[in-house]
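What follows is the residue order along each chain.
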Amino acid sequence: MNLIIGSHVSFNNKEQLLGSVKEALSYNANTFMIYTGSTQSTSRSTINDEFTYEAYKLMLKNNIDSNNVIVHAPYIINLANRKDEDKYKFYCDFLANELDRCKSLGLNKIVLHPGSATTCSREEAIKNIIDGINYVYNKTTNIMILLEFMAGKGTEVGTSIDELKCIIDGIDDVNRIGVCLDTCHMNDSGIDISKFDDFLNEFDIKIGISKIKCIHLNDSLNNIGSHKDRHANIGYGTIGFDNLLRVVYNDRLNVPFIIETPYINRNTNESFAPYKYEIESIRNKEFIDF
Ligand code: FE
Ligand code: FE
Ligand code: ZN
């Protein structure tokens with residue numbers, strides 16, 4: 001089994017996608033995930049095709065398949081609440097623009113947080129998400145949205161198989177919708193990762209395993225069902241190294257695994273990215289003590 005594994009890397013440096021590929025290679029990754037701009041704002045740099053071209057040359061040389069490279073939509077997009085119609089419309093158009101950016105980068109999958117219901121009911125929220133995605137699909141082509149399985153922090157929607165199924169069932173272009181699991185979010189939503197096979201069975205019956213297109217591989221700082229969403233380094237949280245290995249080496253899934261864990265020694269002079277070591281530990285099935 002050829003493991004497809006990487007981490008989130010930065011895009012908004014001076015070399016854009018080329019910089020992302022270089023960073024991924026420095027971690028010995030064979031895939032990666034990017035945000036095409038700030039996660040919290042809507043300002044976006046113009047995509048430089050020269051960098052994209054050089055990035056693809058480097059990916060080709062290092063056997064990185066662009067079909068495994070994932071984009072993540074910014075967190076500020078919330079399609080779940082429509083109390084402010086102008087804002088909702090703005091988010092829809094901004095998401096459509098993000099899909100166009102994926103296209104100009106030659107990438108075909110974008111992870112989206114379904115959104116937070118805030119002041120409306122969950123039923124309304126689900127309808128708003130469906131309408132938003134259908135609107136975005138009408139304005140764009142080819143790019144697939146992967147709904148992320150959420151921890152259920154606050155009023156987050158998409159925190160169970162059933163809720164994700166409700167959204168997927170409303171999407172007109174079923175070929176363009178998929179799911180991105182996140183082990184930390186699943187744990188925090190109430191799922192026991194040590195019983196990952198049971199989860200997959202249920203997912204397969206209700207949605208279909210083929211809809212899982214990406215997995216965010218994170219440990220969690222909090223207990224099962226805490227609804228917190230705080231990521232821990234691989235093997236340093238409540239899920240644990242062996243349970244995360246169980247997810248990665250499950251023979252029913254051959255999808256990109258993306259690590260989104262915090263830097264080691266954050267906010268100090270000795271801060272560093274753990275991804276090279278975490279990827280190595282997953283590949284060798286051997287826990288690394290930092
Ligand atoms: Fe996410
Ligand atoms: Fe995630
Ligand atoms: Zn998270």
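Data block above holds the structure.
Notes on the structure in this doc start here. None of the values given here were measured: they were computed from a predicted structure.

What counts, and where the lines are drawn
- Residues numbered from 1 in each chain as written.
- Chains lettered and ligands numbered in written order.
- Predicted model: local features only at pLDDT ≥ 70, side-chain atom pairs only at ≥ 80, totals over all residues.
- Heavy atoms only, no water.
- Helix = DSSP H or I, 4+ residues; strand = E, 2+ residues; numbered from the N terminus.
- Rg over C-alpha atoms; globule rule 2.2 N^0.38 Å.
- Buried < 20%, exposed > 50% of the residue type's maximum accessible area, 1.4 Å probe, protein only.
- Contact = heavy atoms within 4.5 Å.
- Areas by Shrake-Rupley, 256 points an atom, 1.4 Å probe, with all protein chains shown as cover.
- Lys, Arg positive; Asp, Glu negative; His and termini not counted.
- Charge placed at Lys NZ, Arg CZ, Asp CG, Glu CD.
- Salt bridge = Lys/Arg side-chain N within 4 Å of Asp/Glu carboxyl O.
- Pairing = 2+ DSSP bridges.
- Axes fitted to C-alpha atoms, helices over the stretch in contact; angles between N-to-C directions.
- Right-handed = clockwise from strand over helix to strand, strands pointing away.
- Core = buried A, V, L, I, M, F, W, Y, C linked by side-chain atoms within 4.5 Å.
- Parallel < 35°, antiparallel > 145°, perpendicular 65-115°, else oblique.
- Left-handed = near helix turned anticlockwise from the far one by under 90°.
- Nonpolar A, V, L, I, M, F, W, Y, C, P; charged D, E, K, R; others polar.
- Arc of directions from axis to C-beta.

Helices and strands together make up the secondary structure of the protein, namely nine helices and 10 strands. Against the 2.2 N^0.38 benchmark of 19 Å for 290 residues, the protein shows a C-alpha radius of gyration of 18 Å, consistent with a compact globule. Across the 290 residues in the protein, those meeting the buried criterion constitute 56%. Long-range pairs, those at least 24 residues apart, make up 76% of the contacts in the protein between residues at least 6 apart in sequence. Counting every atom, the protein has about 12,600 Å² of accessible surface; 47% of that belongs to carbon and sulfur. Taken together, the 30 basic and 39 acidic charged side chains of the protein have centroids lying 3 Å from each other.

Moving on: the pattern of salt bridges. Considering all chains together, one arrives at 15 salt bridges under this definition. A salt bridge links Lys-22 to Glu-15, with the shortest nitrogen-to-oxygen separation between them at 3.1 Å. The partly exposed category is assigned to Lys-22, whose relative accessible area is 41%. The exposure class of Glu-15 is partly exposed, given its relative accessible area of 23%. Measuring nitrogen to oxygen at the nearest pair gives 3.2 Å for the salt bridge that ties Lys-165 to Asp-169. Taken as a pair, Lys-165 and Asp-169 lie in helix H5 (residues 161-170) at a separation of four residues, close to a single helical turn. One continuous salt-bridge network, built from bridges that share partners, spans Arg-82, Glu-85, Lys-127 and Asp-131.

Taken together, the eight strands give a closed barrel; going around it, the order is S1-S2-S3-S4-S5-S6-S7-S10, and neighbouring strands pair in parallel fashion. Within this sheet the neighbouring strands show an average axis-to-axis angle of 30 degrees, counted without direction. Note: strand S2 (residues 31-34) against strand S3 (residues 70-72), two bridges, orientation parallel. Its bridge partner lying in S3, Met-33 is registered against Ile-70. Packing of helix H4 (residues 122-139) onto the sheet brings it into contact with strand S4 (109-112), strand S5 (144-148) and strand S6 (177-182), and relative to S5 it is tilted by some 160 degrees.

So, about the pairing of S5. Along S5, five of the five residues are buried, which leaves the element largely enclosed by surrounding structure. Of the two faces of S5, both are covered, the one formed by Met-144, Leu-146 and Glu-148 as well as the one formed by Ile-145 and Leu-147. With four bridges connecting them, S4 and S5 associate as parallel partners. The partner of Val-111 across the bridge, within S5, is Leu-146. Taken together, S4, H4 and S5 form a β-α-β motif whose crossover is right-handed. By the bridge criterion, four bridges tie S5 to S6 in an arrangement that is parallel.

Residues Phe-32, Ile-133, Ile-145, Leu-181 and Phe-199 are the most contacted members of the largest nonpolar core, which totals 84 residues. In terms of residue count, helix H3 (residues 85-104) provides more of this core than any other element does, eight residues in total. Dropping the residues within four chain positions of it, Phe-32 is found in contact with Ser-7, Val-9, Leu-17, Ser-20, Val-21, Ala-24, Met-59, Ile-64, Asn-68, Val-69, Ile-70 and Ile-258. Judged by nonpolar contacts, the second largest core, of nine residues, contains Met-33, Ile-70, Val-111 and Met-144.

Contact pair H4 / H5: the axes reach a minimum separation of 9 Å and the direction vectors enclose 40 degrees. Judged on the interaxial angle alone, H5 and H4 are oblique. Judged by the twist between their axes, the crossing of H4 over H5 is right-handed. Contacts between H4 and H5 involve Arg-122, Ile-126, Ile-129, Ile-130 and Asn-134 from the first element and Glu-163, Cys-166, Ile-167 and Gly-170 from the second. Residues of the contact of H4 with H5, tallied by class, amount to five nonpolar, two polar and two charged.

Moving on, we come to helix H9 (residues 275-284). Along H9, the positions that sit buried rather than exposed are Tyr-275, Glu-278, Ile-279, Ser-281 and Ile-282. Each buried residue of H9 lies within a common arc of 160 degrees when the element is viewed along its axis, so the set occupies one face. Residues of H9 that are buried in the fold lie against strand S1 (5-8), strand S7 (212-217), helix H8 (241-248) and strand S10 (257-259). The first or second residue beyond H9 is Lys-285, which carries a positive phi of 55 degrees.

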